[in-house]
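Each chain is listed here by its residues.
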Amino acid sequence: MNVMEFELPAALEAGEPPEARGLARDQVRLMTTWRHEDAVRHLRFDGLGDVLQEGDVVVINTSGTLKAALPATRRSAEKDLVDYAIHLSTRLPADLWLVEVRLPEGHGSRPFPHACAGDVFDLPGGAAAALHAPYRREAGADPTAPACGSRLWVASVFLPVASPTWDGYLETHGAPIRYGYARGAWPAEAYQTVFATEPGSAELPSAGRAFTPALITALVARGVQVAPLVLHTGVSSPEEHEPPYEEHYRVPAATARMVTAARRDDRRVIAVGTTVLRALETVTDERGETHPGEGWTRLVITPDRQIRSIDGLLTGLHEPKASHLAILEALCGRRHLEVAYRAALAEGYLWHEFGDLHLIL
């Protein structure tokens, strides 16, 4: 099996939250694998305490998910009104945004590859989005040619005067970002973790979704430490497997101290999600010491770069060719990743943000 090229059966795409399948949040499945032995154990997520131990530090992302999908319209060349979707990905300095233009489809949307610089889209409530430039223009492109066909755009998004705050506007007019595998228009609450405190992510930091207050309390009672940080995630768009781009993060001093102390004491540090890993790796030096920090990370984690900050990773199951698989390979190696994904496929684990989870130790 080539873990970057495997086929994901449609039956293994979780199109609804576990609650819609008659399960509690923490009753999704948990595949735990030990990278040094290639061992695999199948659990339910509420049994997480059976594989964690006293002294472990579990680092969580407290970024909350925005209602970042907005309906939009624009006149065609024939003056017909065409429906679109605008996904707000990342809020940039100078009141700019990274946005993605898409076409509505079912409960989700699909890519729209024909947007061009200068296009203006009407948004609900009198707002508008104006595309300025591609986020990444292809190397060698003619600088005098019209800029068209990008997936992500640097854009201005103008709010109506009656909506002075982004939070209020998105709460009223936005919806969670959903993709083609969604089998329902699930509410915003389905796309939040229980420890979300600071809105800012375009999409759910999904590795943390299965935690419940009761489970967190039980882990703390067993001596597991929980440390927070923030990384606001942008759009992932599973149709395009690109390397991650700049995202805003904040690692508090207390979290940095807990992570460094655990590594010095030979205790395990476990990141809940690749977002947490990216933030920690950004502020961890070559000696393995983690520092507090805040800013924009451009770090791309690949197998060519040694992981310095963690000993374990809780993550979802990722699509073929997804850049997240390179992050996992950097932690556990290609062979172990293939062992794990072969087991997940054989056992019928579910993919995507409402699916099952994988703990690598």
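Cut-offs used in this document
- Residues numbered from 1 in each chain as written.
- Predicted model: local features only at pLDDT ≥ 70, side-chain atom pairs only at ≥ 80, totals over all residues.
- Heavy atoms only, no water.
- Helix = DSSP H or I, 4+ residues; strand = E, 2+ residues; numbered from the N terminus.
- Rg over C-alpha atoms; globule rule 2.2 N^0.38 Å.
- Buried < 20%, exposed > 50% of the residue type's maximum accessible area, 1.4 Å probe, protein only.
- Contact = heavy atoms within 4.5 Å.
- Areas by Shrake-Rupley, 256 points an atom, 1.4 Å probe, with all protein chains shown as cover.
- 1 Å grid on protein atoms, 1.4 Å probe; cavity = no way out; pocket = protein on both sides within 12 Å on 5 of 7 lines; lining within 4 Å.
- Points joined across faces, edges and corners; volume = space filled by probe spheres on them.
- Nonpolar A, V, L, I, M, F, W, Y, C, P; charged D, E, K, R; others polar.
- Core = buried A, V, L, I, M, F, W, Y, C linked by side-chain atoms within 4.5 Å.
- Disulfide = S-S within 2.5 Å.
- Polar contact = N/O pair within 3.5 Å; in protein donor to acceptor, adjacent residues only side chain to side chain.
- Expected span 1.5 Å × (residues − 1).
- Arc of directions from axis to C-beta.
- Salt bridge = Lys/Arg side-chain N within 4 Å of Asp/Glu carboxyl O.
- Axes fitted to C-alpha atoms, helices over the stretch in contact; angles between N-to-C directions.
- Left-handed = near helix turned anticlockwise from the far one by under 90°.
- Pairing = 2+ DSSP bridges.

### Structural notes on the overall build of the protein
Move 1: For the protein, the helix and strand inventory stands at six helices and 18 strands.
Move 2: Its C-alpha atoms give the protein a radius of gyration of 21 Å, near enough to 21 Å, the size a compact globule of 361 residues would have.
Move 3: Each of the three principal axes of the protein carries a C-alpha extent, and together these read 65 × 45 × 40 Å.
Move 4: In the protein, which comprises 361 residues, the share counted as buried stands at 55%.
Move 5: In the protein, 71% of the contacts between residues at least 6 apart in sequence involve partners at least 24 apart.
Move 6: With the model as given, the accessible surface of the protein reaches about 15700 Å², and the carbon-plus-sulfur share is 51%.

### Quick look at empty space enclosed by the protein
Move 1: Scanning all chains against the criterion turns up three cavities of 30 Å³ or more.
Move 2: Of the pockets and cavities examined, the largest cavity occupies roughly 80 Å³.
Move 3: If you trace the largest cavity, you find 13 residues lining it, with S206, R209, E353, G355 and L357 closest to the centre.
Move 4: When grouped by side-chain class, the residues that make up the lining of the largest cavity number five nonpolar, four polar and four charged.

### Describing the nonpolar core
A general tendency of soluble globular proteins is for nonpolar side chains to be buried together.
Move 1: By size, the foremost hydrophobic cluster in this structure holds 48 residues, and its most contacted members are V59, I310, Y341 and W351.
Move 2: Within the residue set of this core, elements represented by two or more residues are β3 (57–61), β13 (225–231), β14 (247–251), α3 (253–264), β15 (269–272), α4 (274–282), α5 (323–332) and α6 (334–346).
Move 3: In terms of residues, this core owes the most to one element, α5, which gives six residues.

### Considering the state of the cysteines
Move 1: Scanning the entire structure with this criterion turns up one disulfide.
Move 2: Shown here is the disulfide that connects C116 with C148, its sulfur atoms set 1.9 Å apart. Judged by the torsion about the S-S bond (110°), the C116/C148 disulfide is right-handed. Of this pair, C116 sits in the loop between β8 (108–111) and β9 (120–122) while C148 sits in the loop between β10 (128–134) and β11 (152–158), and the two are 32 residues apart along the sequence.
Move 3: Under the relative-accessibility criterion, C148 is labelled partly exposed at 42%.

### Remarks on α5
Move 1: Counting buried residues in α5 gives eight out of 10 residues, a clear majority hidden from the surface.
Move 2: Among all positions in α5, only L325, A326, I327, L328, E329, A330, L331 and C332 are buried.
Move 3: Buried residues belonging to α5 abut α4, β17 (312–315), α6 and β18 (357–360).
Move 4: Phi for G333, located one or two positions after α5, is positive at around 90°.

### Points about the side chain of K67
Move 1: Among the structural elements, K67 can be located in the loop between β4 (63–65) and β5 (69–75).
Move 2: The buried category is assigned to K67, whose relative accessible area is 18%.
Move 3: Reaching out from K67, the side chain makes a polar contact with the side chain of E171 at a distance of 3.1 Å.
Move 4: For K67, the contacting residues outside a window of four places in its chain are L170, E171, G174, A175, P176 and A188.

### A closer look at α3
Move 1: The terminal C-alpha atoms of α3 lie 16 Å apart, and with 12 residues this matches the ideal 16 Å at 1.5 Å per residue to within 8%.
Move 2: Restricting attention to buried positions, one finds in α3 the residues T255, A256, V259, T260 and A262. One side of α3 carries all its buried residues, which in axial view fall inside an arc of 160°. In α3, those exposed residues whose orientation departs by more than 90 degrees from the buried face are R257 and R264.
Move 3: Looking at the buried side of α3, the elements it contacts are β3, β13, β14, β15 and α4.
Move 4: D266 occupies a position one or two residues after α3 and carries a positive phi of about 60°.

### A word on the pattern of salt bridges
Move 1: Applying the stated criterion to the full structure yields 24 salt bridges.
Move 2: As a salt-bridge pair, E16 and R21 come within 3.8 Å of each other at their nearest N and O atoms.
Move 3: A salt bridge links E105 to R110, with the shortest nitrogen-to-oxygen separation between them at 3.3 Å.
Move 4: Salt bridges linked by common partners bring R264, D285, R287 and E289 together as one network.

### A short note on the packing of α5 against α6
Move 1: For the pair α5 and α6, interaxial distance at closest approach is 7 Å and the crossing angle is 115°. Taken as a pair, α5 and α6 cross one another with a handedness that is right-handed. Taken together, the residues of α6 that come into contact with α5 (itself represented by L325, L328, E329 and C332) are R334, H336, L337 and Y341.
Move 2: Per-class residue counts for the contact of α5 with α6 are five nonpolar, one polar and two charged.

### Details of the sheet that holds β18
Move 1: The strand order β2-β1-β18-β17-β15-β3-β13-β14-β16 describes an open sheet built from nine strands, whose pairing is mixed. Because the sheet does not close on itself, it has two edges, and the strands there are β2 (39–44) and β16 (293–297). For this sheet, the mean inter-axis angle between neighbouring strands, taken without regard to orientation, is 20°.
Move 2: As paired elements, β3 and β13 share five bridges and run parallel to each other. Along β13, the bridge assignment pairs V59 with A227.

Keep in mind these values describe shape, not function.
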